[in-house]
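# A look at the structure
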Amino acid sequence: MTKPVQISLNKEAVNPMKAKRIRPDEDAKFWCQAGLDKDGFEKRFINNTIGFGVFTTAFFQKGAFLLEYVGNRISEKEAEIRERKRRKKKHSYMFHFKWNGKHVVDATDVPERMCRYVNDDKKANATMKLKVFNNYPRLCLFALQDIHIGEEIRYDYGDENVPWRQHFHKTKMEMKTTEVTDDDDDDPFDLKKPRFSEKKEQCQSKAKVSCMLEMIDLVMMMT
Ligand SMILES: C[S@@+](CC[C@H](N)C(=O)[O-])C[C@H]1O[C@@H](n2cnc3c(N)ncnc32)[C@H](O)[C@@H]1O
């Protein structure tokens, strides 16, 4: 492997004023094969629901290679078994991809690597691409736009069924058809339990219905 000329482990490599443009694929190949995360990222706690996220401590140009999603390579079957065992865990670190069949990268046991902390967003500033270097598939994250210092990196996991994308609409739809019980367990991932604000909304709509019924009674009494 030939080392790309401009890559170094010092901060110059992430300073756009000093570093010349590095070809993103070459950069990705270098960092993947070095088995290291690039400088310019830090993990920060966001909140109890989302957990941690990855934020930049350097500027990244549109198209730049950011991080590799690293973990154990396992089969879909093994992933299913592991997911079943970990079903009570809040976060999942399984990345499913296709390359000569279906594969999964499980990053659960690599807490030291950065990419497993990158969260999901439909309006993402990064994208995950499959790159094959020396006949070996790698999951590489690239910038979709210029990313400035302090921004959170997010990519589109590509799954509409994840609870945090569904919660609002699904609970709203369910509210029309299901009874809501007084349940203090405010688990945002349990779609059957509307969150506080939604419970409040439902109370408001119940109040509107009872008000309308009273008005109908009144009109009927008057006629
Ligand atoms: C690959 S991990 C990302 C890092 C994770 N936030 C952590 O603290 O370790 C994926 C998990 O993060 C959470 N997550 C990712 N994106 C999210 C989002 N937009 N809203 C809520 N939770 C999210 C989910 O629990 C998901 O299973």
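Residues numbered from 1 in each chain as written. Predicted model: local features only at pLDDT ≥ 70, side-chain atom pairs only at ≥ 80, totals over all residues. Heavy atoms only, no water.

## Let's talk about the overall build of the protein chain
Condition: Secondary structure counts use DSSP, requiring at least four H or I residues in a row for a helix and at least two E residues in a row for a strand, with both numbered from the N terminus. Only protein chains enter the accessibility calculation, which uses a 1.4 Å probe. A residue is then buried if its area is under 20% of the maximum for its type, exposed if over 50%, and partly exposed in between. When checking whether two residues touch, look at their non-hydrogen atoms; a contact exists if any pair is within 4.5 Å. Per-residue accessibility takes into account occlusion by the displayed protein chains alone, with areas from the Shrake-Rupley method and a 1.4 Å probe.
Regarding its fold elements, the protein chain presents four helices and 10 strands. The helix and strand sequence of the protein chain, counted from the amino end, reads α-β-β-β-β-α-β-β-β-β-β-β-α-α. By residue count, 35% of the 223 residues in the protein chain fall in the buried class. Once local pairs closer than 6 in sequence are excluded, the contacts in the protein chain between residues at least 24 apart make up 63%. For the protein chain, the accessible area works out to roughly 14,700 Å², and carbon and sulfur atoms hold 53% of it.

## Description of the pairing of strand β2 (residues 51-56)
Going by this rule: By this definition, two strands are paired if DSSP reports at least two bridges between them.
The buried fraction of β2 amounts to five of the six residues, a majority that puts the element mostly inside the structure. Relative to β2, strand β1 (residues 41-47) is paired through six bridges, and the arrangement is antiparallel. Bridging from a neighbouring strand, F41 pairs with T56 of β2. If you look at the hairpin formed by β1 and β2, you'll find three residues sitting between the two strands.

## Notes on the nonpolar core
To keep things clear, this is the line we draw: In this text, buried Ala, Val, Leu, Ile, Met, Phe, Trp, Tyr and Cys residues form a nonpolar core when linked through side-chain atoms within 4.5 Å.
Core analysis: the largest hydrophobic core is formed by 25 residues, its most contacted members being L66, Y69, L141 and I153. When contributions to this core are tallied by element, the ones reaching two or more residues are β3 (65-68), β5 (94-98), β8 (126-133), β9 (136-143) and β10 (152-155). The element contributing the most residues to this core is β9, with three residues. Excluding its chain neighbours within four sequence positions, the residues that come into contact with Y69 are Y93, M94, F95, V105, A107, C115, R116, M128, L139 and Y155. F30, C32, F65 and F142 belong to the second-largest nonpolar core, a separate cluster that totals eight residues.

## Some points on the site of the ligand
Counted only if it meets this: Being near a molecule or strand, for a residue, means having at least one of its heavy atoms within 4 Å of it. Under this definition, polar contacts are N or O atom pairs within 3.5 Å; protein pairs additionally need one hydrogen-donor-capable and one acceptor-capable atom, and for neighbouring residues in sequence, both atoms have to be side-chain atoms. The residue classification treats Ala, Val, Leu, Ile, Met, Phe, Trp, Tyr, Cys and Pro as nonpolar and Asp, Glu, Lys and Arg as charged. All others, Gly included, are polar.
Neighbouring residues of the ligand: 15 residues in total, closest I50, F52, H91, Y93 and N119. Between the ligand and K90 there is a distance of 3.3 Å, counted from an oxygen atom to a backbone nitrogen or oxygen. Interatomic distance of 2.9 Å between a backbone N/O atom of D120 and a nitrogen atom of the ligand. The protein chains hide 93% of the 560 Å² of surface that the ligand would expose on its own. When contributions to the shell around the ligand are tallied by element, the ones reaching two or more residues are β2 and β7 (119-120). In terms of residue class, the shell around the ligand is made up of seven nonpolar, four polar and four charged.

## Quick notes on the confidence of the model for the protein chain
The following threshold applies: For every residue, the predictor assigns a confidence score, pLDDT, that lies between 0 and 100.
Per-residue pLDDT for the protein chain has a mean of 78; in total, 65% of the residues score no lower than 70. Note on residues 169-211: pLDDT under 50 across the span, and 36 contacts to partners over four residues away in sequence or across chains.

## Quick word on the environment of R86
Within the element layout of this structure, R86 appears in the loop between α2 (76-85) and β5. Residue R86 is classed as partly exposed on the basis of its relative accessible area of 21%. Other than its neighbours up to four places away in sequence, R86 contacts M94, D106 and T108. Among the polar contacts listed, one links the side chain of R86 to the side chain of T108, at a separation of 2.9 Å.

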